[in-house]
Amino acid sequence: MRVLLVGAGGVGGAITRIAARRPFFEAMVVADHDPERARAAVESLGGDRRFTAERVDAGDEAAVIRLLASHRCDVLLNATDPRFVMPLFRAARAAGATYLDMAMSLSRPHPERPYEECGVKLGDEQFAQAGQWEKEGLLALVGMGVEPGLSDVFARHAADELFDEIEEIGIRDGANLTVDGFGFAPSFSIWTTIEECLNPPVVYESDRGWYTTAPFSEPEVFDFPEGIGEVECVNVEHEEVLLIPRRLDVRRVTFKYGLGREFVETLRTLHLLGLDRTDPVTVPGPQGPVAVSPRDVVAACLPDPATLGERMHGKTCAGTWVRGVKDGRPREVYLYHVVDNQWSMAEYGSQAVVWQTAVNPVVALELLATGAWSRVGVLGPEAFPARPFLDLLTAYGSPWGMRVQ
């Protein structure tokens, strides 16, 4: 296996450090629009000759296709933000390469009823091309991070081994992370966080299909394991709600994120001021007017999440709560994965949230390399058997857990 990794930021850098400990691939080309960032990621690996640094613009499909060909890469792993999903997705197919990402093509709200009906859903653009990928014998494994990703694997595991009937699947994400010295410092890309949290959340019900609600709707307090404790969670837009019902028989699917009230109010303020917008606005500059995206300005004003590890304390938890019936009796379980920032920093030099995201595509790559996972088309993680993934994740030194409610 020869991998082109596009994106050498926090998650991309963590991917290289995790992959460097595994023997399953022949080469990994680390490409970024910032060549210094790509070089730094490679140089931090202590001379592992399997890794090479390159520069590439993720939005330039032709350049990505040339890079895949010149390095004979048969896999493209997308570690960029969701704006670049479609050009990289198309480039991989044009080059005949397997494609993986951790977030799917962007949604667009319904023009008249944004908080009731779906417009363009997450992943719609990718799934529209599923027949072409299948016809050409190629695989696009979409949403293969932690959420979506491991959360979908948990859902498949529950369906295969833990339940006879599933009433509801709810992804629940929470943490007790703090960052010294910052009043507001998101632990993940603020660009992606704004996209997820301010878009209309999607809910699935089998008798209604997919529908939307208002941002931050249906608050609930969820008790997270391993000392994290109770966190208020709210509905946000997320891929699992669009992926899981495609493959699993379930009556209801939701995604709720433990943001905290201060974080929610900050996001609401950004929206009120129009600072969540992606369309450029014109502002004066020393050499004349400049067009700039307000959301990019917000991102530039905040610290890079990848640099916060030394200031960060606590744990993050990603998990899948499942309610249903087993052997004629009601049952509830919470399948979860917890990462302690102190451990991830000491072991890998990566803060907990980016490390937790990064480990899952590496595990998936190894399953594809060994043939334990093998299909064609545009598929989410819930389309593959869960047990090989969960066993390998444990072998990577990061076990998962299950709490019977």
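Colleague: Run through the pairing of strand 18 (residues 329-340), naming residues and quoting values.
Modeller: Two strands pair when backbone bridges link them, and strand 17 (residues 315-326) and strand 18 are joined in this way by twelve bridges, in the antiparallel orientation. Its bridge partner lying in strand 18, W321 is registered against Y334. Counting the residues in the hairpin turn of strand 17 and strand 18 gives two residues, including D327, whose phi is positive at 55 degrees. By the bridge criterion, four bridges tie strand 18 to strand 20 (residues 401-404) in an arrangement that is antiparallel. What sits directly across from L335, in strand 20, is M402.

Colleague: Residues and numbers for unusual backbone geometry, please.
Modeller: For the bond from E147 to P148, the omega torsion is 0 degrees, close enough to zero to count as cis. Here R72, not a glycine, exhibits a phi torsion of approximately 55 degrees, which is positive. Relative to the helices and strands, R72 resides in the loop between helix 3 (61-70) and strand 4 (75-78). On the basis of relative accessibility, which here comes to 55%, the residue R72 falls in the exposed class. A positive phi angle is found at F216, which is not glycine, with a value near 65 degrees.

Colleague: Give a description of the side chain of D32 that names residues and reports values.
Modeller: Within the element layout of this structure, D32 appears in strand 2 (residues 27-32). Within polar-contact distance, the side chain of D32 engages the backbone nitrogen of A8 at 2.7 Å. Not counting chain neighbours up to four residues away, the residues in contact with D32 comprise G7, A8, G9, R37, A38, E54, R55 and V56.

Colleague: Tell me about the nonpolar core, and please be specific about residues and values.
Modeller: Grouped together as the largest cluster of nonpolar side chains are 89 residues, with contacts concentrated most on I15, W373 and F389. Of the residues forming this core, the biggest block, eleven residues, is contributed by helix 13 (residues 352-370). Beyond its immediate chain neighbours, meaning those up to four positions away, F389 contacts M144, L150, V153, N360, V363, A364, L367 and W373. Listed in part, the 29 residues of the second largest apolar core include A31, F127, V142 and L243.

What counts, and at which threshold
- Residues numbered from 1 in each chain as written.
- Predicted model: local features only at pLDDT ≥ 70, side-chain atom pairs only at ≥ 80, totals over all residues.
- Heavy atoms only, no water.
- Pairing = 2+ DSSP bridges.
- Helix = DSSP H or I, 4+ residues; strand = E, 2+ residues; numbered from the N terminus.
- Buried < 20%, exposed > 50% of the residue type's maximum accessible area, 1.4 Å probe, protein only.
- Polar contact = N/O pair within 3.5 Å; in protein donor to acceptor, adjacent residues only side chain to side chain.
- Contact = heavy atoms within 4.5 Å.
- Core = buried A, V, L, I, M, F, W, Y, C linked by side-chain atoms within 4.5 Å.

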